[in-house]
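# A structural walkthrough
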Amino acid sequence: MLGIAVDDRFLLLTVDKPGEFGVTQFQDGYIVLRRYPRGEQETIEFTQFAVDHANGNIVRTARAGQSLSVLSTKHLLSLFKPEGREVTVGELEDWEEVHEAVTAAGTKQFYANEYMAQRKKNLDYTKTEDDLKDFINDRHDDAKKRGLGKWIPSASTIRKLVFGRTEQVSLADCLYKTGTVRNKNIWPTWVYDLADEAIGKIFSGSLRNVGEASKWLFGEFYLGKDQGEGIPDDKRQIPPTERTLRNWYNEATNRDSVSKLFGSREANKQWKGTISPQDAIAPLQIVIIDQTVGNIWSAVKPSRNNWETGELLPGEGADRETKSKAQEVLTSKRVEVVYAVDVCSRKTCALILTFEPPSIDTFMACLKMVMTPKTSWQKRFPDIPDATCGWGKPLTVVLDNLFVHVTDSVQRGLLNMKIAIEYAPLASPEWKAIVERAIGTVKRVMANLPGGFSIDDDTVKSADYQKFAAMNLDEIDEMVTHRLITEHHMLPHAGTNEPPGYRFANLVKKYGRPMVDDMRVLDLLMRRRATAVLTRTGVRFNGHRYHHPELVTKLLDAYAAKAKKKKGRSAKVRVTVLWKSRDISSIGIIDHVNNQVVELPNHDPLLAITPISLDFAKAAKKHNAKIFDEYYPPELRAKYLREYFAMLEKFVKEEPHRVAKKTARLLEGGRGVVIAPDVRRYDAIIPVTDLGLAKINIPQELAMDDGVFEIETPKKRAPSSKAAAAPKPPEPVAVTPARAVSTMTLAESEAYLDRLMEQASSGARH
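These notes cover the structure that comes with them. Positions within a chain are numbered from 1, following the residues in the order the chain's sequence is written. Local features in this predicted model are restricted to residues of pLDDT 70 or higher, and side-chain atom pairs are both shown and tallied only at a pLDDT of 80 or more, whereas totals for entire chains, interfaces and linings draw on every residue. The basis for every side-chain value is the complete set of heavy atoms in the structure, and neither hydrogens nor water enter the calculation.

## Considering the pairing of strand β6 (residues 286-300)
For the record, the criterion: Only protein chains enter the calculation, and the probe is 1.4 Å; a residue is then buried if its accessible area is under 20% of its type maximum, exposed if over 50%, and partly exposed in between. A run of DSSP states H or I qualifies as a helix once it reaches four residues; a run of E qualifies as a strand once it reaches two. Both are numbered from the N-terminal end. DSSP calls a pair of strands paired once it identifies at least 2 bridges connecting them.
Of all 15 residues making up β6, 12 are buried, and the element is well covered by its neighbours. Both β6 and strand β9 (residues 396-399) contribute to a ladder of 3 bridges, which runs parallel. Counterpart to Val287 in the pairing with β9 is Val397. Here 11 bridges tie β6 to strand β7 (residues 331-342), and the two strands are oriented antiparallel to one another. Note that in β7 the partner of Ile288 across the bridge is Val341.

What follows is the structure, given as structure tokens:
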């Protein structure tokens, strides 16, 4: 049926008011409509019909603005009775309730459609209440034949169903309208509060299921009824049934409620759509690197070199075997698995077992293993080269959103290698489903080794298997890689239907293998980046000094333009440092001028030749300090410190600095200045010329004896801008001593007199 929207631009302008139409003819270029109940016919061209429908003038509803009812899946499934041993009593009761509602709706549909057919046939729209009852009773035998004769609907029910309708009534139109909000008028408010508390106990795990929660609600209900709030006479006097509580529990079970109780991650696991994992068409196009805790305890063993060679340790005798067994395992720790997998072929590109938590060192070590040939694997399995050829430079690396991965060192290092970085979304392990499944394969191999435990059984406690640890990291790695290469790489993978080794080797022949431009850069990828200050004494970094005279001189010359220093001070420049937390024997300094890296060794000669970690060096330094503290006890050092401060108090008075300075002047004011007899002093009056330059003539012999010294020119000070400008006084006339005039010649004396007269005349004019 079609309906016309109520507005001024409705489709059929010749019709008095919009109504309901039914399609009577479908021709090639037009549609013929018939209006009810008067039967007018209208013809609409297809294009015009589409335009009016797009503009909203035609709505596909029973009436304009009224939406069609939809039959839910629950009602469709009620036509089939649930069978099987797994069907519970509650599920069967729910089915009976829905089936009864659908049967009643089918009964109403039968009588309503029978009435609609009779009305279209006789065109009789005015039936009284008695006539409608007689019509329903006449059709009761037909309803029994269809299995719908258990009850007879009232005349008003049928009249409401057919009111305003011109087409057949659907089953959905006859169902009872059930609201989505819980009706809280049957019991008092405190009963619904108890029900909410019972549902919260199910979510929190205090109660196992709805059945246990219903029993708890049963007890609390009668406690509140008899001793607590009580129940008014107009409210229901019995508690909610288990089926009612189950319905309330289902209403409360949604994403928001689970998110509030258990967090958004747990809610996303149940209600959020899964993300499609990555896909690649070429090997090494996408490599996923992930690190997780392994399901095996590894034994930490002491060095066994002396035991393997057969040499006796000092103090050992015939009972060496007993001691070795007792000392074989020092402790045990959980293994961290660092794994890299190629997305296209599902082949293992790197596997590292360590005790280190996720860090930049573990990531860089895994990436370096991805890009270097697996020579150790090739030596162990020379007859299966396809299974051991998984290496090369990846185009894109997928990482977790860890703090150690989102760093300047990782981003700059991979950018220099022309490797793209892609960070996985938070709380979405399905986005890295490929590497999660690959690590699951590794864990299932570990589960069969000593100290390993299953990851598929939720009841397993990892601490119970710590006592079975018997293999160190190398031994575990040897066993795991043997299974991966000889089984995982040689059997068809469910994601590609091809063995990973076979698929990788064939696609490498087709697409090629990316390589690193400079293999030396791989060592730089293993290092972290930081900034430090470079001086003439080298670089002080993490409590250690790194210095080499020639290399430091070379770096300072390269950074001479950037070194901001004052006269008489050594140059300081901030440089980029490449360092390893696992090797403090040297650091790298990036020389941006010459585009190279300079290695500075540790200033400590012992640490320069011993590649130890930073943590080990700190622990050793702390241990040495402890040894010296025991050799020189703090009580002894405190004794001499007290003596020092007691001596100092005799000379230092407790007075402010200004008062102490005044006291020093008074005490030192009466003391005469004693000058050594071999020191000669000279007082020289230095005239200042118009150019501001000082002139003095020191005899050469005197300069040779006492040394050449620099004479500073007195500074000229400008007059104050605030003071009034006073008239310039006349220059004084210089009086020449008689002994100087007597030495003048006649021409010099005449010139001197003329100059005096000019000065006098100029002074008279002013």
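## Regarding the packing of aromatic side chains
Put simply, the rule is: Each Phe, Tyr or Trp ring, with Trp reduced to its six-membered ring, pairs with another whose centre is within 6.5 Å; inter-plane angles below 30 degrees give stacked pairs, above 60 give edge-to-face pairs, and intermediate values give tilted ones. A ring is considered to have a charge above it if a Lys NZ or an Arg CZ atom is located within 6 Å of its centre and within 35 degrees of its normal.
In this structure the tally under the stated criterion is 14 aromatic pairs. Ring geometry for Trp187 against Tyr192: centres 6.1 Å apart, planes inclined by 75°, an arrangement best described as edge-to-face. Judged by its relative accessible area of 4%, Trp187 falls in the buried class. Their ring planes at 65° and their centres at 5.0 Å tell us that Phe218 and Tyr222 sit as a pair that is edge-to-face. A residue pair is termed a helical-turn pair when its members lie 3 or 4 positions apart in one helix, as Phe218 and Tyr222 do in helix α9 (residues 210-226) at 4 residues. Look at Tyr222 and you get partly exposed, because its relative accessible area is 29%. The ring of Trp187 carries Arg236 above its face, with NZ or CZ at 5.2 Å from the centroid. For the cation-ring pair, Arg334 lies above Trp297, with the distance from its terminal atom to the ring centre recorded as 5.8 Å.

## Examining the pattern of salt bridges
For clarity, the cut-off: Each reported salt bridge corresponds to a side-chain nitrogen of Lys or Arg within 4 Å of a carboxyl oxygen of Asp or Glu.
The final tally for this structure, using the stated rule, is 8 salt bridges. One salt bridge connects Arg483 with Glu487, and the closest N-O pair in it is separated by 2.8 Å. With a gap of 4 residues between them, Arg483 and Glu487 both fall in helix α19 (residues 473-488), about one helical turn apart. Salt-bridge contacts for Arg503 lead to Glu498; the nearest nitrogen and oxygen are separated by 2.7 Å. Linked by salt bridges that have partners in common, Asp290, Asp400 and Lys432 make up one network.

## Some thoughts on the sheet that holds strand β14 (residues 573-579)
We apply this condition: Orientation is described by lines fitted to C-alpha atoms, with helices fitted over the stretch in contact, and by angles between N-to-C directions that extend from 0 to 180 degrees. Between two residues, a contact is recorded if the distance between any of their heavy atoms is within 4.5 Å.
On the basis of which strands lie adjacent, the open sheet formed by 6 strands has the order β13-β12-β11-β14-β15-β16 and antiparallel pairing. In the strand order of this sheet, the two ends are held by β13 (544-546) and β16 (596-601), each with one partner. Within this sheet the neighbouring strands show an average axis-to-axis angle of 40°, counted without direction. Two strands pair when backbone bridges link them, and strand β12 (residues 538-541) and β13 are joined in this way by 3 bridges, in the antiparallel orientation. For Arg540, the partnering residue across the bridge sits in β13 and is Arg545. Each of β11 (528-535), β12, β14, β15 (586-591) and β16 is contacted by helix α22 (residues 549-558), which is oriented at about 140° to β16, the strand it contacts most.

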